[in-house]
Amino acid sequence: MWKTALKPRWIAGFVFAIAVSGVFVFLSQWQFGRSTQPEVPTNPATEQVQPLTDTLQPGEFFHGTDADQMVSAQGSYDPAKQLLVPGRLHDGKTGYWVVSAFAVDGAPALTGAAASPQTWIPVARGWVAEPGDAPAPPSGTLELIGRLLPSEAPVPGTAPNPGEATAVSVAELINYWEVSSYPGFVAATAEVADGVDLSAAAVPGELLPLDIGPQPPAQQINWLNLFYSLEWVVFAGFALFIWWRLVKDDYHRDLEESLEDSDEDNQHPEHNEQKVQP
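Reading the values: rules and limits
Residues numbered from 1 in each chain as written. Predicted model: local features only at pLDDT ≥ 70, side-chain atom pairs only at ≥ 80, totals over all residues. Heavy atoms only, no water. 1 Å grid on protein atoms, 1.4 Å probe; cavity = no way out; pocket = protein on both sides within 12 Å on 5 of 7 lines; lining within 4 Å. Points joined across faces, edges and corners; volume = space filled by probe spheres on them. Helix = DSSP H or I, 4+ residues; strand = E, 2+ residues; numbered from the N terminus. Nonpolar A, V, L, I, M, F, W, Y, C, P; charged D, E, K, R; others polar. Buried < 20%, exposed > 50% of the residue type's maximum accessible area, 1.4 Å probe, protein only. Polar contact = N/O pair within 3.5 Å; in protein donor to acceptor, adjacent residues only side chain to side chain. Contact = heavy atoms within 4.5 Å. Phe/Tyr/Trp six-rings, centres within 6.5 Å; stacked < 30°, edge-to-face > 60°. Core = buried A, V, L, I, M, F, W, Y, C linked by side-chain atoms within 4.5 Å. Salt bridge = Lys/Arg side-chain N within 4 Å of Asp/Glu carboxyl O.

J.: Help me out: how do you make sense of the layout of surface pockets in this one?
T.: Over the atoms rolls a probe the size of a water molecule, and its path tells where empty space is left. Quantified by volume, the second largest pocket comes out at close to 200 Å³. For the second largest pocket, the lining is made up of 15 residues, of which Leu 110, Val 170, Ile 174, Ser 180 and Ser 181 are closest to its centre. Breaking the lining of the second largest pocket down by element, the ones donating at least two residues are α4 (170–177) and β6 (180–181). Ranked by residues supplied to the lining of the second largest pocket, first place goes to α4 with 3 residues. Classifying every residue of the lining of the second largest pocket gives 9 nonpolar, 4 polar and 2 charged.

J.: What is the right way to look at the side chain of Thr 166 in this model?
T.: Counting through the fold element by element, Thr 166 comes out in the loop between β5 (142–150) and α4. Thr 166 gets classed as buried once you look at its relative accessible area, which sits at 13%. In terms of polar contacts, Thr 166 uses its side chain to reach the backbone amide nitrogen of Val 155, at 3.2 Å. A polar contact is formed between the side chain of Thr 166 and the side chain of Glu 172, at a distance of 2.6 Å.

J.: I would appreciate a short explanation of the environment of Ala 236 in the present structure.
T.: With respect to the element layout, Ala 236 can be found in helix α5 (residues 223–267). With relative accessibility at 7%, the residue Ala 236 sits in the buried group. Along the chain, Ala 236 and Val 20 lie 216 residues apart, while their C-alpha atoms are 7.1 Å from each other. Contacts of Ala 236, omitting those with residues within four sequence positions, involve Ser 21, Phe 24 and Val 25.

J.: What is the right way to look at the packing of aromatic side chains in this model?
T.: Aromatic rings in a pair are described by how distant their centres are and how their planes are angled relative to each other. The full count for this structure, using the stated rule, is 4 aromatic pairs. On the numbers, 5.1 Å between centres and 75° between planes, the contact of Tyr 77 with Phe 102 is edge-to-face. Pair noted here: Tyr 77 is in strand β2 (residues 70–90) and Phe 102 is in strand β3 (residues 93–104), with a separation of 25 residues, a long-range link. Across the pair, exposure class does not vary: Tyr 77 and Phe 102 are buried alike. Ring centres 6.5 Å apart and planes at 55° place the aromatic pair Trp 97 and Phe 185 in the tilted group.

J.: What should I look at first to understand the nonpolar core in this one?
T.: Side chains that are nonpolar tend, in soluble globular proteins, to be buried together. In terms of nonpolar packing, the biggest core is built from 19 residues, with Trp 97, Val 99, Val 168, Leu 173, Trp 177 and Leu 210 touching the most fellow members. When residues of this core are traced back to their parent elements, those giving at least two are β2, β3, β4 (119–128), α4 and β7 (184–193). At 4 residues, the largest contribution of residues to this core is made by β3. If sequence neighbours within four positions are ignored, Leu 210 has contacts with Trp 97, Ala 124, Gly 126, Trp 127 and Ala 187. Grouped together as the second largest cluster of nonpolar side chains are 18 residues, Ala 73, Tyr 77, Phe 102 and Val 104 included.

J.: Looking at this model, I keep getting lost on the environment of Pro 44. Mind explaining?
T.: Positionally, Pro 44 belongs in the loop between α2 (8–35) and β1 (50–51). For the pair Pro 44 and Pro 214, spaced 170 residues apart in sequence, the C-alpha separation works out to 9.3 Å.

J.: How do you make sense of the pattern of salt bridges when you look at a structure like this?
T.: Think of it this way: side chains of opposite charge can pair up when their charged atoms draw near. Considering all chains together, one arrives at 4 salt bridges under this definition. Notably, a salt bridge pairs Glu 47 with Arg 147, separated by 3.0 Å at the nearest N-O pair. One end of the pair, Glu 47, is in the loop between α2 and β1; the other, Arg 147, is in strand β5, and 100 residues separate them in sequence. Measuring nitrogen to oxygen at the nearest pair gives 2.7 Å for the salt bridge that ties Arg 88 to Glu 152. With Arg 88 in strand β2 and Glu 152 in the loop between β5 and α4, the pair connects residues that are 64 residues apart, well separated along the chain. Taking relative accessible area as the criterion, Arg 88 reaches 15% and is therefore assigned buried. Overall, the relative accessible area of 24% leaves Glu 152 in the partly exposed class.

Below you can see the structure in the form of structure tokens.
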């Protein structure tokens, strides 16, 4: 059969089949890439600063549509309510997030035995390399601007060091601070007092800004495109199968013709005998 496959026309056919299969494989890769592309781009509305009191309400669940929203709030920090969250990266270095409690002016007050007179929200003010580098928050009334993010989950089975928390978890932080809080936290981008920005992004120092951008949307699998990508792989294999099948059929034809010629020679042996002259 290899002798048949090495005929010039079948060599040319094999090259053509490989080329067609390559095109099909390329189309399969393209369809597979399309199957995992995000269908919805980042919402530009999240970059428009909205009042925190109009975006999120204390005592309610954190809605996914509120995540990444840039918000603003008037209020003040309490220097006694500041913690560090270890294990945070910044430009490849491991350090700490500085998280402070911010009392939000005009925020609805919660009711209940454990509720505080004011409603607070944790604010991730920046990153430091060492605990001693964390500065106290700005004093007085100021305008906070930052990105609203959902609460993190506390790290189970971990006992934080004094003055630290395992995560920016509202459930964990309110136990340390004993205050009522919003169900999320703010990554600060500006802290303006009397028209002057006092945030880590504006004031050089050991406290570095977090620079948290909007999170990309979760990738969704397009099952139709995924099916098409598998279909193109089948087509690629089918192109090579057709070439093999044609070669096999040609081989069988050559074999049958050879057998027919052999049978004719056996039925008429006189054709192969030479006449003897008297």
